[in-house]
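Chain and residue survey
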Amino acid sequence: MSKKRVLLGMSGGVDSSAAALVLLRAGYEVAGVTMLLHRQEADGGCGSLKEAGDAARVCETLGIPHEIVDFSEEFSARVKADFVSEYQRGRTPNPCIVCNRYLKFGALLDYALERGFDFVATGHYALVEKRGDRWALLRSPSAKDQSYVLYRLTQEQLAHTLTPLGTMEKPEARRLAEEAGLPVAHKPDSQDICFIPHGDYHRFLAEQMGREPEPGNFVSRDGQVLGRHKGITHYTIGQRKGLGLSFGQPMYVTKIDPAANEVTLGPEGSQYAPGLLAQDINWVALDHPREPFQAGVKVRYSARPAPAWVIPLEDGGVRVEFDQPQRSVTPGQAAVFYQDDAVAGGGTISAPLPAE
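Now for a description of the structure that goes with this document. (Residues numbered from 1 in each chain as written. Predicted model: local features only at pLDDT ≥ 70, side-chain atom pairs only at ≥ 80, totals over all residues. Heavy atoms only, no water.)

**Details of the overall build of the protein chain**
Within the protein chain, the regular secondary structure consists of seven helices and 17 strands. Whereas a compact globule of 356 residues would reach a radius of gyration of roughly 21 Å, the protein chain reaches 21 Å, a difference of no more than 12%. Scored against the burial criterion, the 356 residues of the protein chain give a buried share of 53%. Counting only contacts in the protein chain whose residues sit at least 6 apart along the sequence, the fraction spanning at least 24 positions is 63%. As presented, the protein chain carries roughly 16700 Å² of accessible surface, and 48% of it is formed by carbon and sulfur atoms. Separation of charge centres in the protein chain, based on 38 positive and 44 negative side chains, amounts to 2 Å. (Helix = DSSP H or I, 4+ residues; strand = E, 2+ residues; numbered from the N terminus. Rg over C-alpha atoms; globule rule 2.2 N^0.38 Å. Buried < 20%, exposed > 50% of the residue type's maximum accessible area, 1.4 Å probe, protein only. Contact = heavy atoms within 4.5 Å. Areas by Shrake-Rupley, 256 points an atom, 1.4 Å probe, with all protein chains shown as cover. Lys, Arg positive; Asp, Glu negative; His and termini not counted. Charge placed at Lys NZ, Arg CZ, Asp CG, Glu CD.)

Laid out in structure tokens, this is it:
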């Protein structure tokens, strides 16, 4: 019986390199691929030529083939354009989720299947398994669980996805790479958005828009002008620091209105919301439920799932009502619904519910 063929997405980091080792030891036929997403040779960053070079050296050490596939045009059209558009709408996007949806498990999976591969694999910390007649996306027991950023995967995508690091902790993955003599074993994790390697997203947005954002008014919740802001792209819901003004008490961004070019501020307590509305829902463990159900809901990658009711709406979206108000419920971010260890589904937050 021939080995199953796996095309492994390799970023040039420790996780995907360790994933190659695990797959080889499990008996798969593995080939590495690095998606060229942008051409920032000097700065590096996931998807750069510099990182592709690190991935190629790992593959050479392991004796497996490696190739670079240029998806930079698709990345610009899907991920960068969405990033700019969302900030202009007063929202805060998560570009990794968009990239996973359209590139890593979209364009790359299509590329793999067209060339006779059975699966794509990545170094994500999450689990994929068949439960009954559906594929399930499960939380990793690892402290680095990344199921949140994979919630957009469809049943077809999950059926062709392997996550070999699903049950590991990061130190174990690094130890595997070190024992195998891989050249990236001690490489630090990247903390920045890959196409903004130095973290200056304000400059990136201004360059992409061809202008600086227009200044406008900070206003209170009752419409009183509190001062001037630098442009709505400088702010996100829940932000307290970097407002540039002193109010004599902590003040938080509670709303961003691009039409009026206003940023609403509120005092301590106003950064909490009792619930949210979400659209563009992807159901994973469930098949388009019609009745409300209880779940743990994460509103950002670093948050813990908060107990809530998830209420399907007639327009295809959902209303989430938390047992306890949650901090910084941010339009543009993802709300992901968990039932025990499984991702029930998730969507893009369109608005926090107002406090009563």
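**With respect to the sheet that holds strand β1 (residues 5-9)**
Taken together, five strands build an open sheet; the order of strands is β3-β2-β1-β4-β7 and the sheet is parallel. The sheet is open, and its two edges are formed by β3 (66-70) and β7 (161-162), each paired on a single side. Strands in contact with helix α1 (residues 14-25) are β1, β2 (29-36), β4 (119-121) and β7; relative to β1, the strand with the most contacts, it is inclined by about 170 degrees. (Pairing = 2+ DSSP bridges. Axes fitted to C-alpha atoms, helices over the stretch in contact; angles between N-to-C directions.)

**So, the packing of aromatic side chains**
Considering all chains together, one arrives at twelve aromatic pairs under this definition. Relative to Phe337, the ring of Trp283 has its centre 5.9 Å away and its plane inclined at 45 degrees; by these criteria the two rings are tilted. Residue Trp283 is found in strand β12 (residues 272-283), and its partner Phe337 is found in strand β16 (residues 334-339); the two are separated by 54 residues along the sequence. Put simply, the rings of Phe75, Phe83, Tyr87, Phe195, Tyr201 and Phe204 touch in pairs and so form one group of aromatic residues. Above the face of the Phe117 ring, Arg5 is positioned so that its terminal group lies 4.1 Å from the ring centre. Looking at Arg78, its charged tip hangs above the ring of Tyr102, at a distance of 3.9 Å from the centre. (Phe/Tyr/Trp six-rings, centres within 6.5 Å; stacked < 30°, edge-to-face > 60°. Lys NZ or Arg CZ within 6 Å of the ring centre and 35° of its normal.)

**A closer look at helix α6 (residues 170-179)**
Inspection of α6 places Lys170, Ala173, Leu176 and Ala177 among the buried residues, and these make up the whole buried set. What you see down the axis of α6 is that its buried residues fit within an arc of 120 degrees, all on one side. Residues of α6 that are exposed and angled more than 90 degrees away from the buried face: Pro171 and Glu179. The secondary structure elements touched by the buried residues of α6 are α1. Note on α6: the residue one or two positions beyond its end, Gly181, has a positive phi of about 70 degrees. (Arc of directions from axis to C-beta.)

**Focus on the pattern of salt bridges**
For the structure shown, the criterion picks out 20 salt bridges. Between Glu129 and Arg131 there is a salt bridge, with its nearest N and O atoms 3.0 Å apart. The partner of Lys144 in a salt bridge is Asp189, with the nearest N and O atoms 4.0 Å apart. Here Asp189 lies in the loop between α6 and α7 (201-209) and Lys144 lies in the loop between β6 (134-139) and α5 (155-159), a separation of 45 residues in the sequence. A relative accessible area of 22% places Lys144 in the partly exposed class. (Salt bridge = Lys/Arg side-chain N within 4 Å of Asp/Glu carboxyl O.)

**What about unusual backbone geometry?**
Negative phi values dominate among residues other than glycine, just as trans dominates among peptide bonds. Positive phi values are uncommon outside glycine, yet Asn261 reaches one of about 55 degrees. Mapping Asn261 onto the fold places it in the loop between β10 (251-257) and β11 (262-267). The class of Asn261 is buried, set by a relative accessible area of 18%. One non-glycine residue, Asp340, lies in positive phi territory at about 55 degrees. Following the sequence through the fold, Asp340 ends up in the loop between β16 and β17 (342-352).

**Some remarks on the packing of helix α3 (residues 72-88) against α7**
For the pair α3 and α7, the least separation of the axes is 10 Å and the interaxial angle reads 100 degrees. The angle between the axes of α3 and α7 places the two elements in the roughly perpendicular class. In contact with Lys80, Phe83, Val84, Tyr87 and Gln88 of α3, α7 contributes Tyr201, Phe204, Leu205, Gln208 and Met209. Residue composition of the contact of α3 with α7, by class: seven nonpolar, two polar and one charged. (Parallel < 35°, antiparallel > 145°, perpendicular 65-115°, else oblique. Nonpolar A, V, L, I, M, F, W, Y, C, P; charged D, E, K, R; others polar.)

**Some points on the sheet that holds strand β8 (residues 216-219)**
The sheet built from four strands is open, its strands ordered β9-β8-β11-β10 with mixed pairing. Taken across any chain shown, the strands that pair with only one partner, and hence form the sheet edges, are β9 (225-229) and β10. Direction aside, the axes of adjacent strands within the sheet are offset by 30 degrees on average. Alignment of β8 against β9, held across four bridges, turns out to be antiparallel. Bridging across to β9, Val219 finds its partner in Val225.

**So, the side chain of Thr348**
One can find Thr348 in strand β17. Beyond its immediate sequence surroundings of up to four residues, Thr348 is in contact with Arg91, Tyr151, Leu277, Ala278, Gln279, Asp280, Gly332 and Gln333.

Purely geometric numbers; function is a separate question.
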